[in-house]
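Here is how the chains run, residue by residue.
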Amino acid sequence: MDKTRVADTALDLLNDVGLEGLTLRAIAKELDVQAPALYWHFKNKQALLDEMATEMYRRMVVDIVYEPAAGWQGHLRESNHGLRQSLLRYRDGAKVFSGSRFTGDQHGEGMEAELGYLLRAGFTLQQAVRASTTAFLFTIGFVTEEQGVSPLPGERREGFDLEERTAMLADYPLAAAAGPELFDRYEERFDEGLDLIIAGIETRYGIH
């Protein structure tokens, strides 16, 4: 048993129990070991989440291609669409990924390639960092809210029925009509949100 096997097991279990139900005891049961055995590898749950986020990242970067023909705009769209799809594979995936610290240095290779790509497109290092992290943080925040309504694709939490919401807010017609823009149409809204960020980057930095 090593850290990677524990993280793999935890990610598999995450879809069944969610982040709140994911405990070292539950993971140990899946691995058929005693819970104290896991403390050799992880001193607490945050250390486990760090390793889970690292494993999620390892799986993501397999499909990332830095293709100059796509332009930096196309690259930001593709990489953040890929990030969103990766996070949506796991219940509470965005919460696991957000705020975690990658273990090791494997993420350095991807970051180096990402920043190098943007510098070749005309960004300064500071601009590249701010542009890429702004898009990244938008994606993390968007998916966090999306999974609050739809924990997994095709699932919908109780209390987010749009017809019930419209009836409850009958005295507030604008708030009622905003329901689909708040709690539905995620694909469309994500696309437009990225376009707004990219347009802002173009305007701010004058790089087209």
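Conventions used here
Residues numbered from 1 in each chain as written. Predicted model: local features only at pLDDT ≥ 70, side-chain atom pairs only at ≥ 80, totals over all residues. Heavy atoms only, no water. Helix = DSSP H or I, 4+ residues; strand = E, 2+ residues; numbered from the N terminus. Polar contact = N/O pair within 3.5 Å; in protein donor to acceptor, adjacent residues only side chain to side chain. Contact = heavy atoms within 4.5 Å. Axes fitted to C-alpha atoms, helices over the stretch in contact; angles between N-to-C directions. Parallel < 35°, antiparallel > 145°, perpendicular 65-115°, else oblique. Left-handed = near helix turned anticlockwise from the far one by under 90°. Nonpolar A, V, L, I, M, F, W, Y, C, P; charged D, E, K, R; others polar. Buried < 20%, exposed > 50% of the residue type's maximum accessible area, 1.4 Å probe, protein only.

- In the annotation of an unreviewed UniProt entry, the entry for the protein chain reads TetR family transcriptional regulator, and the organism field reads Streptomyces physcomitrii.

### Focus: the side chain of D92
And step 1. Among the structural elements, D92 can be located in the loop between α4 (71-88) and α5 (93-97).
And step 2. At a separation of 2.8 Å, a polar atom in the side chain of D92 contacts the main-chain amide nitrogen of L19.
And step 3. Sequence-distant contacts of D92, that is, excluding residues within four places in its chain, are made with G18, L19, Q147 and P151.

### Description of the packing of α4 against helix α6 (residues 106-120)
And step 1. α6 packs onto α4 with a crossing angle of 155° between their chain directions and a minimal axis gap of 9 Å. On the basis of the axis angle, α4 is roughly antiparallel to α6. Crossing geometry of α4 relative to α6 is assigned as left-handed. On α6, the residues touching G71, W72, H75 and L76 of α4 are E114, Y117 and L118.
And step 2. Residue classes in the contact of α4 with α6 are distributed as 4 nonpolar, 2 polar and 1 charged.

### Here's the deal with unusual backbone geometry
And step 1. Even without a glycine there, the phi angle at D92 is positive, about 60°.
And step 2. Assessed through its relative accessible area of 16%, D92 is described here as buried.
And step 3. If you check the backbone angles, R185 has positive phi at about 60° while not being a glycine.
And step 4. With respect to the helices and strands, R185 occurs in the loop between α10 (179-183) and α11 (186-205).

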